[in-house]
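Structural description and commentary
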Amino acid sequence: MSAGGIPTLEDLETELGSLAGKRILVRTDFNTPLEREGDDVRITDDFRIRAALPTLQWLQERGATVVTASHLGRPEGRPDPRYSMEPVRVRLGELAPGVELLENLRFDPGEEGNDDAVIAGLVEGIDGYVNDAFGASHRAHASIVGPPRRVPSAMGRLLQREVEILLPLRTAPKRPFVAVLGGAKVSDKLGVIGALLDTVDALAIGGAMCFTFFAAQGHSIGDSLFEPDQVGTCRGLLERAAEAIHLPSDIVGLTAEGEVATFGTRLPEGAKGLDIGPGSAAEFGDVVMEARTVFWNGPMGMFEDERFAAGTRAVAQAVANTKAFTVVGGGDSAAALAAFGLDDDVDHVSTGGGASLELLELGDLPGLAALREGRSGDG
Ligand code: AMP
């Protein structure tokens, strides 16, 4: 048994005696980016399919028949040809011949509803189940939490690596441990900020999130994005951990007249903050360079617009350059790293944005708990 008491592929093989001739269902995260041209749908990035190959091949090498299942996009609980798995099936057929792929799990509302009938359908004729869909494991959906209660189950290699890297950040990080958080919505991240403050030595906050903290400090924030109902919570966090929390000391954004400008921490009326300023970018970079462990989630500004990409680029560069153990939590920060060509220079890029934050916050996920409890979790 490995990290977190969750059965591994080896445990599954032991439990089943042998995998030869066994039918194994693998829940994968094949929610790949797609490009549409009329009726023609193409995969623009097969990263998520390639990420599942170690698990799929390990099972096939031992003689198992491998059936995969995934969601793709948001088809809203009914069959929708725009979200057919067919383009994924074509690529999977090239990368892992012989592996079957079921139709989009979210064509049935019972997937997200964790419906018993859906679970029964999934495990019919199946000897064992493997969860390798880290990015979906924070959801108590049928294909994530159902099969482990019915058939021998394990985590795949990709899920295992995520757990083995992320869980120790909560308990035994090499110090100093620095977290850098950004992105647009502070409400999404308040839980993880609270939890991280128990373990980190420093927490740098950029992105639109910083304006709710500025508002909590009584600063004027102009027309910047902020969440008025979270100001009180941010004030509480600042009172609890003023020393550990690093907020930007300057901001780049647009004046009321729409010109790019650099401001201090008090924004004039009508101005909108869209990136951390050059001073803050240097400070955050220094904080990262002094760390021995770094966790980064969320861009420092509206990096999709080159005028507001400098803060995110500086943090990405520091995360890439430092000798510290570096973990980047999915989503936009992974996209930013890739856009800057720095994704090979970090130790781990998580395949799950929401899942990695929830695992850091709570130390567990519904999908992991289901694997750990196994068939004793039934009822
Ligand atoms: P999230 O999904 O919460 O990680 O937010 C990511 C998005 O936040 C990106 O698309 C950024 O463009 C956006 N963002 C970051 N900083 C700002 C800001 N200061 N103002 C507006 N949007 C921002």
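Everything numeric here is computed off the predicted structure, so don't read it as measured data.

**Brief notes about the packing of aromatic side chains**
Ring pairs (aromatic) are described by centroid distance and by the angle formed between their planes. For the structure on display, the rule yields 1 aromatic pair. An angle of 75 degrees between the planes, with centres 5.9 Å apart, marks the rings of Phe-211 and Phe-214 as edge-to-face. With Phe-211 and Phe-214 both in helix 9 (residues 209–216) and 3 residues apart, the pair spans about one turn of that helix. Each member of the pair, Phe-211 together with Phe-214, is buried. The cationic tip of Arg-36 hangs over the ring face of Tyr-83; the distance from NZ or CZ to the ring centre is 5.4 Å. Between Arg-62 and the ring centre of Trp-58, over which it is positioned, the NZ or CZ distance is 3.9 Å.

**A look at the side chain of Thr-351**
Turning to its location among the elements, Thr-351 is positioned in the loop between strand 16 (348–349) and helix 14 (353–362). When its relative accessible area of 16% is taken as the criterion, Thr-351 is described as buried. Residue contacts for Thr-351: discarding those within four places in its chain leaves Asp-29, Phe-47, Arg-48, Phe-134, Gly-135, Leu-158 and Glu-162.

**Section: the site of the ligand**
Close to the ligand lie 15 residues, the nearest being Ala-184, Ala-208, Gly-273, Glu-304 and Asp-332. Within the backbone of Lys-185, one N or O atom sits 3.4 Å away from an oxygen atom of the ligand. One of the side-chain N or O atoms of Glu-304 is found 2.6 Å from an oxygen atom in the ligand. When isolated, the ligand has an accessible area of 510 Å², and the protein chains bury 80% of it. A class-by-class count of the residues in the shell around the ligand yields 7 nonpolar, 4 polar and 4 charged.

**Quick look at the pairing of strand 13 (residues 272–276)**
Burial analysis of strand 13 places 4 of its 5 residues in the buried class, which makes it a mostly covered element. Sheet analysis places strand 11 (residues 251–254) next to strand 13, joined by 4 bridges and oriented antiparallel. Its bridge partner being in strand 13, Leu-254 is matched across the sheet by Lys-272.

**Digging into the side chain of Gln-230**
Mapped onto the fold, Gln-230 is located in the loop between helix 9 and helix 10 (231–241). We classify Gln-230 as buried; its relative accessible area is 15%. Apart from residues lying up to four places away in sequence, Gln-230 is in contact with Val-186, Ser-187, Leu-190 and Thr-212.

**Some remarks on the pairing of strand 4 (residues 65–69)**
With respect to burial, strand 4 is a largely interior element, 4 of its 5 residues being buried. As defined by bridge partners, strand 1 (residues 23–27) adjoins strand 4 across 5 bridges and the pair is classed as parallel. Looking at strand 4, one finds that Val-26 is bridged to Thr-68. One ladder, built from 2 bridges, connects strand 4 with strand 5 (residues 100–101); its direction is parallel. Paired with Thr-68 across the bridge in strand 5 is Leu-101.

**Some points on the environment of Val-287**
Position of Val-287 relative to the elements: it lies in helix 11 (residues 278–289). Residues Val-287 and Ala-204 lie 83 residues apart in sequence; the distance between their C-alpha atoms is 8.1 Å. Beyond its immediate sequence surroundings of up to four residues, Val-287 is in contact with Val-178, Ala-202 and His-246.

Basis of the calculations
Residues numbered from 1 in each chain as written. Predicted model: local features only at pLDDT ≥ 70, side-chain atom pairs only at ≥ 80, totals over all residues. Heavy atoms only, no water. Phe/Tyr/Trp six-rings, centres within 6.5 Å; stacked < 30°, edge-to-face > 60°. Helix = DSSP H or I, 4+ residues; strand = E, 2+ residues; numbered from the N terminus. Buried < 20%, exposed > 50% of the residue type's maximum accessible area, 1.4 Å probe, protein only. Lys NZ or Arg CZ within 6 Å of the ring centre and 35° of its normal. Contact = heavy atoms within 4.5 Å. Near = heavy atom within 4 Å. Polar contact = N/O pair within 3.5 Å; in protein donor to acceptor, adjacent residues only side chain to side chain. Areas by Shrake-Rupley, 256 points an atom, 1.4 Å probe, with all protein chains shown as cover. Nonpolar A, V, L, I, M, F, W, Y, C, P; charged D, E, K, R; others polar. Pairing = 2+ DSSP bridges.

Shape descriptors only; they carry no functional weight alone.
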